[in-house]
Amino acid sequence: MPKKLELLTGNDVVVKAALLAGADFFAGYPITPSTEIMSGWAKEAAKNPKLEFLQTEDETSAGMATIGGLLAGKKAWTVTAGVGHVLIQDPMVLAETLSMPFVMYVGQRGGPSTGTVIYSQQELNLARYGGNSEGLRVVYAPSNIQELFEITQKAFNTAWRYRIPTIILGDGYLTKTLSPVDTSKVLPQEKSEAYFLNGEVKNLRNCFSREEELGSHLNKLFSRYASASKQIVESESYQADGAEVIIFAWGTVGFAAKVAVATLRKEGYKVGLFRPITMRPFDDQGAIKAVKGAKKILIVESSGGQFGRIVRETLTQSTDADYVRLYKPAEGITPEEIEEKVKEM
Amino acid sequence: MNIDPRYPNCINIKSKPSNFCPGCGYGIISKVIGQVIDELEIAPRTVFTLDIGCNLLAWDYYKLDTIQTHHGRVTPLAVGYKRAKKDSVTIGIAGDGGLYAIGLQSFLHAAHRDDPITIIGVNNTIYAMTGGQLGPTTLLGQATDSSPEGKFTYPKPIFGPELAHEVADDKAYIARASVLNIPQMKQMLRQAIERQAQGHFSFVEILSFCPTNWKTDAKGSIEMIEKMEKTYKTGVISG
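All figures in this text were calculated on a predicted structure; none of them were measured in a lab. Just so you know, the residues in each chain are numbered from 1, in the order the chain's sequence is written. Numbering of ligands from 1 and lettering of chains from A proceed in the order in which they are written. Restriction of local features to residues with pLDDT of at least 70 applies here, the model being predicted, together with a cutoff of 80 or more for giving and counting side-chain atom pairs; totals for whole chains, interfaces and linings are based on all residues.

Let us look at the overall build of chain A. Counting its secondary structure elements, chain A contains twelve helices and 15 strands. Seen through its C-alpha atoms, chain A measures out along the principal axes to roughly 65 × 50 × 40 Å. Restricting the contact set of chain A to residue pairs at least 6 apart, pairs at least 24 apart contribute 81%. Helix and strand labels come from DSSP, where a helix needs a run of H or I of at least four residues and a strand needs a run of E of at least two; each type is numbered from the N terminus. By the convention adopted here, residues are in contact when the distance between their C-beta atoms, placed from the backbone, does not exceed 7 Å.

Structure, rendered in structure tokens:
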């Protein structure tokens, strides 16, 4: 297929990809750095009466209204960030226990609390296990604007195919930057279906009277999640074969690390990269394979170790390599900083 | 007004006896709602969003689609569903805590946006399912689990329908009923659902019994409602 290059911001890309995936219902509340996704959708909805748009009174309501849309069979979705992400985890767990295709883009911003408004990688724990959750959701982490275009489409398909809440976990660097994007790759749309059908009675519950009843409900959810995970899990290993140093990084930092690896390889450093694309489910086997033969593991992230803890837990029995950390909570990380760190090792 | 003693057709007889406490007002209220649904012949189009409170026990009370939400969230979920399914009859049920405390923001904004949904608020002056704590409608001097010596700190309770009326569109239907006047309650519920069909927000607060937490017998429960009616005037507030 010929390339179709367009100059877009990441926020434009998310709206465009959602429309291509068949999204037709949006409820949200403004919050930086993701507000332009909501206002971008509002502009589309103003042109097209088939698109629903509701600006709610807060993020909890945005999530609950999204669930209302899903019940009627709409490809409903929402967008949030930071402290709004905290509130929206409440409806997210309702979608989790009801196995609903709740799609949400999250633009991470600095924390704890209001923090800074553009960038961080500190919402990983929240995205993976926020609310009183068992983590029965999918979390995609695009590393650049091109991936954002494809992953946003894919997120809707994953959510509807497996009936599972799905998060696209980005940040303000990813969505506020203007870049050329190839928008030629359009994925086939997954079908949506209403939960409530005229006359066929359905009673959807999230509250159970007995432990055993909830236990058996959860066992079913866990078993569905395990089998879907095999199809969903994704990662990228770059120059990992024969590497003595393996970098672990994700999202925008994962892209910086890839640039660093390319440069370092040219200079003769035996370095490679493991980058998860789904942060949940996590590609344990891919990670274990990537560190075979590695003497050192460098974990790079813009948080105080949220990602590092996943990496170390995953690799506990699989490597004797030493860990080196480049943690910069709430601060951006450049390829040059990563190159420098590798050279010090 | 026809008050039929029989169960309405839209009630799920298999789920009876219901899980409500003996003497609870929800038995009366749920039955009257069912009668209105039968009379308007809207059962296949009706969806209930239920709060986390005593009304969640109605999850299989009817042969109708229902979804339990989280505490205070019946309104936004109903708003979302109605926007996505415009020919539906979307009804949210919540208690005074769910509607006037944790869910007040959503409730007022739905009224303000004139979302075409019907909210039924059951006011028994306390948080009943959690064991009778102080709520936004607890009466002056009333002893509760969390105000054991009586409530005296802030004398004015929250008047939900009057508050909603302040922000609602003029075409909204807002009323207060009582379990002691079933014909009036039924008339109000019917008008509320009809107003939704006309494309407007509607809300009925119903003063209701909670003998378990009030620790009252039948006579005491009726006396308590009579006392509530002195503070919370029944009638149409916005018609």
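Moving on, we get to the overall build of chain B. Helix and strand counts for chain B come out as eight helices and nine strands. Taking 18 Å as the expected radius of gyration for a compact globule of 239 residues, we find that chain B reaches 16 Å, a close match to that expectation. Taken over the C-alpha atoms alone, chain B extends approximately 50 × 40 × 35 Å along its principal axes. Throughout, the radius of gyration refers to the C-alpha atoms, and the reference size of a globule is 2.2 Å times the residue count to the power 0.38.

Right, let's talk about unusual backbone geometry for a bit. Put simply, Gly111(A) and Pro112(A) share a cis peptide bond, and its omega is 0°. Along the chain, the position of Pro112(A) falls in the loop between strand 5 (103-108) and helix 5 (124-129). With an omega dihedral of 5°, the bond running from Lys16(B) to Pro17(B) counts as a cis peptide bond. Of note, Pro17(B) is situated in the segment before helix 1 (25-40). Of note in this structure, Ser99(A) is not a glycine but carries a positive phi near 50°. Along the chain, Ser99(A) turns up in the loop between helix 4 (82-97) and strand 5. Counting other C-beta atoms within 10 Å of each residue's C-beta, where C-beta atoms are placed from the backbone, gives the exposure class: buried for 20 or more, exposed for 12 or fewer, partly exposed between. A tally of 19 C-beta atoms within 10 Å means that Ser99(A) is categorised as partly exposed.

The subject of this paragraph is the sheet that holds strand 2 (residues 65-68) of chain B. A sheet is described by the order of its strands in space; here eight strands give the open sequence 9(A)-2(B)-1(B)-3(B)-4(B)-8(B)-7(B)-9(B), paired in mixed fashion. Unpaired on one side and paired on the other, strand 9 (203-204) of chain A together with strand 9 (235-238) of chain B mark the two borders of the sheet. Against the sheet, helix 5 (residues 160-167) of chain B makes contact with strand 4 (118-123), strand 7 (173-178), strand 8 (202-207) and strand 9 of chain B, and its axis sits at roughly 175° relative to strand 7 of chain B, the strand it touches most. A pair of strands is labelled paired if DSSP reports no fewer than 2 bridges between them. For every element, the axis is a line fit to its C-alpha atoms; helices are fit only across the contacting stretch, and the angle between N-to-C directions ranges from 0 to 180 degrees.

The partner chain B presents 28 residues to the 30 residues of chain A that form the contact. Broken down by secondary-structure element, the contributors of at least two residues to the side of chain A that touches chain B are strand 2 (25-28), strand 3 (52-55), helix 3 (59-71), helix 4 and strand 9 of chain A. Broken down by element, the residue count for the side of chain A that touches chain B peaks at nine residues, all from helix 3 of chain A. Under the scheme applied, nonpolar residues are Ala, Val, Leu, Ile, Met, Phe, Trp, Tyr, Cys and Pro; charged residues are Asp, Glu, Lys and Arg; polar residues are all the others, including Gly. In terms of residue class, the side of chain A that touches chain B is built from 13 nonpolar, ten polar and seven charged.

Residues and elements named next belong to chain A. Joined through C-beta atoms within 7 Å, a set of buried Ala, Val, Leu, Ile, Met, Phe, Trp, Tyr and Cys residues constitutes a nonpolar core. Membership of the largest hydrophobic core comes to 179 residues, with the highest contact counts inside it found for Tyr140, Ile246, Ile247, Ala257 and Val300. The element best represented in this core is helix 6 (residues 145-162), accounting for nine residues. Note that the domain bounds were set by an automatic or database domain assignment. Here this core spans two domains, since at least three of its residues come from each of domain 1 (5-232) and domain 2 (235-344).

Let us look at the packing of helix 1 (residues 10-20) of chain A against helix 6 of chain A. All names here are of chain A. Where helix 1 meets helix 6, the closest approach of the two axes is 8 Å, and the angle between their N-to-C directions is 30°. When the axes of helix 1 and helix 6 are compared, the crossing they make is right-handed. Every residue of helix 6 that contacts helix 1 at Gly10, Val13, Val14, Ala17, Ala18 and Leu20 is listed here: Ile145, Leu148, Phe149, Thr152, Gln153 and Phe156. Definitions for this section: a left-handed crossing has its near helix turned counterclockwise from the far helix by less than a right angle. A right-handed crossing has that turn clockwise.

All names here are of chain A. Strand order in this open sheet of five strands is 10-12-11-14-15, and the pairing throughout is mixed. Looking at which strands have only one partner, the edges of the open sheet turn out to be strand 10 (235-238) and strand 15 (322-327). Looking at each pair of strands side by side, their axes are set apart by 20° on average, direction ignored. Pairing analysis gives four bridges linking strand 11 (residues 245-248) to strand 12 (residues 271-276), with the strands arranged parallel.

In this section: the packing of helix 3 of chain A against helix 4 of chain A. Residues and elements named next belong to chain A. It is the contact of helix 3 with helix 4, at a shortest axis distance of 7 Å, that shows an interaxial angle of 30°. Relative to helix 4, the element helix 3 is oriented roughly parallel. The two elements helix 3 and helix 4 meet at a crossing, and its hand is right-handed. Residues Glu59, Thr60, Ala62, Gly63, Met64, Thr66 and Ile67 of helix 3 pack against Gly84, Leu87, Ile88, Asp90, Pro91, Met92, Leu94 and Ala95 of helix 4. Note on terminology: angles under 35 degrees are roughly parallel, angles over 145 are roughly antiparallel, angles of 65 to 115 are roughly perpendicular, and the others are oblique.

Accessible area lost upon the coming together of the parts is a frequently used measure of interface size. All names here are of chain A. Partitioning chain A into structural domains gives domain 1 (5-232) and domain 2 (235-344). Between domain 1 and domain 2, the residue contacts involve 25 residues of the former and 21 residues of the latter. Sorting the residues of the side of domain 1 that touches domain 2 by element identifies helix 5, strand 6 (138-140), strand 7 (166-171), helix 7 (172-176) and helix 8 (211-232) as the ones contributing at least two each. Considering every element that reaches the side of domain 1 that touches domain 2, the biggest residue donor is helix 5, with four residues. Here the residues of the side of domain 1 that touches domain 2 sort into eleven nonpolar, eleven polar and three charged.

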